[in-house]
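So the chains spell out like this:
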Amino acid sequence: MSEAKVLGGQEVVGVGRIEGPIMVVEGAANVSYDEVVEIKDSRGQLRRGRVLEVSENFAVVQVFAGSTGLSIDGTSVRFLGNTLHIPVAEEMLGRIFDGLGNPIDGGPEPLTDKYADVNGQPINPTARIYPRDYIQTGISTIDGVNTLLRGQKLPLFSGAGMPHDQLAAQIVRQATLGKEAGAPQTEGEEFAIVFAAMGVKNDVADYFRRSFTESGALTRVAMFLNLADDPPVERIVTPRAALTLAEYLAYEKGMHVLVVLTDMTNYGEALRQISNVRGEVPSRKGYPGYLYSDLASLYERTGRIRTSEGSITQIPILTMPNDDITHPMPDLTGYITEGQIVLGRELNFAGIYPPVTVLPSLSRLMKDGIGKGRTRDDHPRWGAQLYAAYARTQDVRALASVIGEEELSEVDQKYLKFGRAFEREFVNQAFTENRTIERTLEIGWKLLSILPKKELTRVNLDEIEKYYTGTDATN
Amino acid sequence: MSNEVGKITWISGPVVRARGSKNVGMLELVEVGEDRLVGEVIGLKGDQMTVQVYEETAGMQTGETIYGTGLPLSVELGPGLIQSIYDGVQRPLPLIEQAVGSFINRGARFDSINREKKWKYTPKVKVGDEVKGGDILGVAMETDTFEHRVMLNPDDSGTITWVAPAGEYTVNDTIAKLKSGKEEKNVTMLQRWPVRRARPFVNRRGANIPLITGQRILDTFFPVAKGGAAGIPGPFGSGKTVTQHSIAKWADAEVIVYIGCGERGNEMTEVLQEFPHLIDPRSGRPLMERTVLIANTSNMPVAAREASIYTGITIAEYYRDMGYHVALMADSTSRWAEALREVSGRLEEMPAEEGYPAYLAGRLAEFYERAGYVNNLNGSQGSVSIVGAVSPPGGDFSEPVTQHTKRFIRCFWALDKSLASARHFPAINWLDSYSEYLEDVGNWWREKTGKDWLTMRNRAMELLSEESRLSQIVKLVGPDALPFTERMVLETTRLIREGLLQQNATETVDAYSSVEKQIRMLELVLYFHERGMAIVKRGAPINLIHDLPVVDKIIRAKSTITNEELGKFEDLQKEIDEQMSQLDAEYRQ
């Protein structure tokens, strides 16, 4: 952040108490809630913080870089009189920033006089446009059965050791504006990409950087990196800084922006840490009671508004501790976001990429972006049918594991066959494979044709007539 | 109207403490700081007051002033509520958008009810009439067809000394003059009512008319009565919102109040963009013309989320008082409870379970008790039905909000993750759900359809619970090990599940099932069962019944037979007869 932009404020020498990343400053007058402070340690090094609580006699300050090296007497605190702002500019695409929005790629400060509050402001629901345009990602498990729309927030729920980064990179690389099946595939409009890393390893950040470079996207990517060895408290600001730039690009410059946030679990832990130090009453697993509202203040910065052509689509990545989907982080995320793509360990072991576990995955907005005039008329029912059939496959598998495959009825055996083919041909695809929507629908129908027609109660009879390719003679 | 009552001494998120006058009342509406943000006094101790602020407090400083208003947090009531969309403290969102753009700014102030708009008003009282609180003074046409009955404030009474002639008036114009004692006062169409105080009525009536929603699993299997309260708990992605939207669209109430409380912005936008284009099957008018929306999305200030529930229920009661049936959806009461918890945490109150304050249960009870089918002060009858969504963490129904809610509702629609995963919608688990209104509404069904709904409904439930028992066995040994009679049960329950319980909210024919259609479908499936069972008992193999062409037709009937062509069910029944008789004959040879 440009120092020149900062107006002077009152300075207080000496602090009352330091505890973890929290500092209590006494004797400052007229401190504003949520105000930014500049902290100078005894050697004159500067760091930044933010006011969490104010009273007449003291202010509670959260130090972004952590309190290591700060002393009671040797620390001076300057209150800057404003909430945290970052510069925003189109030239920030192609650049790399730290978790607070300062350039770390050796380049100059972004040249702009436009600064925006990292907290943003809630979008008025009446100003929104309901998302309806689908994004073709070329991945069957997303386009086919969990369609992503422009202006949607759709997280990847994953676990340690699973290829969520590859999947996110593939989505980013292949995403184009969706076309109706059969319409000529034109060069899609390109997305601007805002990437925020919170507490991830350097390798991960590096993987994304390489992936963006290889696909030639680097010039339209802005990266905000708070890596595993960076101060955890900064993580609270990182996604906000990234979304602030995204909002500028989408709503003021009319661009379509794809925001990738990884890893939200680390963000939640930073929040929990601050809350613990402040001695707040915890709710579940030590997370603060306001975790839902806090996460919502990030995820809800997605969407489209009427006064702009642009859109923000969010793909947060979240590794579920111990693969537990009921953990507060995935749980509260799932309540806020418009669906979730869940990666599963079993499929991953079986060598299936992307290992998307279809049944718990969901896109809430899918129904409004597919069907006649958007993808293809049969798409909604086709998707429901695939889901229903695959759910049935799971029951049949459970049964087969008890009584053996040979004992299954003829129909159940067909379900088993369908299930295997579904995982190998529909879910499974190469990292470089970019399937059109027609191709995805075609594969789905081919798989459904393994089953007898009578089992297909979700699709209508005309559709069976038109697309069913099986040999089943009954009806 | 407002005077200085204190200076801010402490700020933490939505909670502010101040020192000053002792004349501030508990729950008084105050204006906080130089931006004059809306707040409410929630604690008093000596000259110290604690205020919860309904807007973002970033940038506020200690030493700033708090201004009192002398009034409790209230809503404005009058013509113009319908088709409005408000935030949690009744600020009109479209005006905020016009004034400050796409993002909600702090401190934006607007009248909740339009002061300029003129309403076509016809008086219903004349000079010399004695009137008491709640009496209808006249009617204003709120939409082309909706009659807004203008009532005297429940706290007033007296003699009418002047009546405005029929004509067009704004809500500020005097429509009558009232003399009580020596005082004469002007009455307008606008009144204010404190949100935390239930509007009075004479007494409660029995709730014995079902709220018909056109959703088969609700109306046929787990009905809620008009004036009743129902809870929909479910893990994320199980379809709470879709169910709430379906009820808001199709419920046979005259007014719908939809509270989006701490939920997604896109969802409210969906309602806003969809409802004006959907036609109410009863009135033939756009659904928006009976709807009031309260949108306090998850990223809007948390204290206003707490208020939004009260704002909504007060508006609902106001229309109830006119003699209307009102249905209120609150999505989600868990977010409201979390707002309570957040404020309570900032006040450093002693937490009870999972950090929630000890008064959580009391607040939930207060809210759900504002539902009811009542005799109004003016002699009319009206109802407020509440449908509250609950979002239990991890889908675990043993958490405090779900558990306490269960104590104050009589109808429980349990959403199920595994049904949702299989795309069985509405994903309401028929074994975990219950309705205590079954007996109460049985008569209504008998009068309306001439059929014994309750017996049929119970028979279907019996089959479903039998299925659940049998499926345990099937999981262990496979279906082939079951006798044909039990497999016949499984055939029928498949028809019940796929043909009746599953309902597609996005398909035109299937989205709404009339009561008559519902009972015909139920009857048909049970008929199929009785016929099939008779044949199977004689030893006919079950797969022949499974393969009957009519089976597929029964499953598809929900989307092939419209509410207007119920005669086709007779044809289906004939087909069952023909095919079963043929099978019977074949088998007997």
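Because the structure is a prediction, the values reported are computed rather than measured. (Residues numbered from 1 in each chain as written. Chains lettered and ligands numbered in written order. Predicted model: local features only at pLDDT ≥ 70, side-chain atom pairs only at ≥ 80, totals over all residues. Heavy atoms only, no water.)

### A look at the packing of helix 6 (residues 333-346) of chain B against helix 7 (residues 360-368) of chain B
All names here are of chain B. With their axes 11 Å apart at the nearest point, helix 6 and helix 7 run at an angle of 135° to one another. It follows from the interaxial angle that helix 6 and helix 7 lie oblique. As for how helix 6 packs across helix 7, the hand of that crossing is right-handed. Of the residues in helix 7, those touching helix 6 at T333, W336, A337 and L340 are L360, R363, L364, F367 and Y368. Residue composition of the contact of helix 6 with helix 7, grouped by class: seven nonpolar, one polar and one charged. (Axes fitted to C-alpha atoms, helices over the stretch in contact; angles between N-to-C directions. Helix = DSSP H or I, 4+ residues; strand = E, 2+ residues; numbered from the N terminus. Parallel < 35°, antiparallel > 145°, perpendicular 65-115°, else oblique. Left-handed = near helix turned anticlockwise from the far one by under 90°. Contact = heavy atoms within 4.5 Å. Nonpolar A, V, L, I, M, F, W, Y, C, P; charged D, E, K, R; others polar.)

### Observations concerning the confidence of the model for chain B
Per-residue pLDDT for chain B averages 93, and the proportion of residues at 70 or more is 99%. Interface scoring of the predicted complex returns ipTM 0.89; its pTM is 0.92. (pLDDT = per-residue confidence, 0-100.)

### Some remarks on a nonpolar patch on the surface
On the surface, a nonpolar cluster with roughly 330 Å² of combined accessible area is contributed by V402(A), I473(B), L476(B) and V477(B). In terms of residue count, helix 11 (residues 453-477) of chain B provides more of the nonpolar patch than any other element does, three residues in total. (Patch = residues over 30% accessible without salt bridge, like charges linked within 9 Å, V, L, I, M, F, W, Y side chains within 5 Å. Areas by Shrake-Rupley, 256 points an atom, 1.4 Å probe, with all protein chains shown as cover. Salt bridge = Lys/Arg side-chain N within 4 Å of Asp/Glu carboxyl O.)

### Notes on the sheet that holds strand 10 (residues 130-132) of chain B
Residues and elements named next belong to chain B. If you walk across this open sheet you meet the four strands as 10-13-15-16, and the pairing is antiparallel. Looking at the sheet topology across the chains shown, the edges are occupied by strand 10 and strand 16 (183-187). Taken pair by pair, the neighbouring strands of this sheet meet at an average axis angle of 40°, ignoring direction. Where strand 13 (residues 157-163) and strand 15 (residues 176-180) come together, four bridges link them in antiparallel fashion. Note on strand 15: the bridge partner recorded for T159 is K179. (Pairing = 2+ DSSP bridges.)

### A short note on the side chain of T262(A)
Mapping T262(A) onto the fold places it in strand 17 (residues 256-262). Residues in contact with T262(A), not counting those within four places in the same chain, are D165(A), F195(A), A196(A), A197(A), M198(A), V200(A) and I317(A).

### Structural notes on the interface of chain A and chain B
Counting residues at the interface gives 79 residues for chain A, matched by 81 residues for chain B. In this assembly, chain A packs against chain B so that about 6,400 Å² is buried in total across both faces, 52% of it on carbon and sulfur atoms. When residues of chain A are sorted by the area they lose upon contact with chain B, Y33(A), Y335(A) and K454(A) head the list and together hold 12% of the total. Connecting chain A to chain B are three salt bridges. Note that R306(A) is salt-bridged to E97(B), the shortest N-O span being 2.7 Å. At the boundary of chain A with chain B, the tally comes to 44 residue pairs in polar contact (both at pLDDT 80 or more). When contributions to the side of chain A that touches chain B are tallied by element, the ones reaching two or more residues are strand 5 (46-55), strand 11 (128-129), helix 6 (291-299), helix 7 (328-336), strand 21 (356-363), helix 9 (379-403) and helix 12 (461-467) of chain A. (Buried area = accessible area lost by both parts, 1.4 Å probe. Polar contact = N/O pair within 3.5 Å; in protein donor to acceptor, adjacent residues only side chain to side chain.)

### Considering helix 11 (residues 437-448) of chain A
Since the α-helix turns once every 3.6 residues, residues separated by three or four places project in the same direction. Across its twelve residues, helix 11 of chain A extends 17 Å between first and last C-alpha, which sits within 8% of the 16 Å expected from 1.5 Å per residue. Turning to helix 11 of chain A, its buried residues number three or more, namely I437(A), T440(A), L441(A), I443(A), G444(A), W445(A), L447(A) and L448(A). (Expected span 1.5 Å × (residues − 1). Buried < 20%, exposed > 50% of the residue type's maximum accessible area, 1.4 Å probe, protein only.)

### What about the nonpolar core?
All names here are of chain B. Among the nonpolar cores identified, the biggest contains 94 residues, and F221, W413, I496 and F528 are the most heavily contacted of them. At eleven residues, the largest contribution of residues to this core is made by helix 14 (residues 515-537). Excluding its chain neighbours within four sequence positions, the residues that come into contact with I496 are F221, A460, L463, L464, L501 and V525. (Core = buried A, V, L, I, M, F, W, Y, C linked by side-chain atoms within 4.5 Å.)

### Concerning the pattern of salt bridges
This structure, assessed with the given rule, holds 81 salt bridges over all chains. Across the pair D133(A) and R304(A) runs a salt bridge, and its minimum N-O distance is 2.9 Å. Placement of the pair is D133(A) in the loop between strand 11 and strand 12 (135-136) and R304(A) in strand 18 (residues 304-305), with a sequence separation of 171 residues. Note on D133(A): relative accessible area 28%, which makes it partly exposed. Looking at R304(A), the relative accessible area reads 12%, which means it is buried. The partner of E40(B) in a salt bridge is R196(B), and the shortest N-O contact between them spans 2.6 Å. Note that E40(B) is positioned in strand 4 (residues 37-45) and R196(B) in the loop between strand 17 (191-194) and strand 18 (203-204), a separation of 156 residues in sequence. Under the relative-accessibility criterion, E40(B) is labelled buried at 1%. Of the residues examined, R196(B) reaches a relative accessible area of 25% and is grouped as partly exposed.

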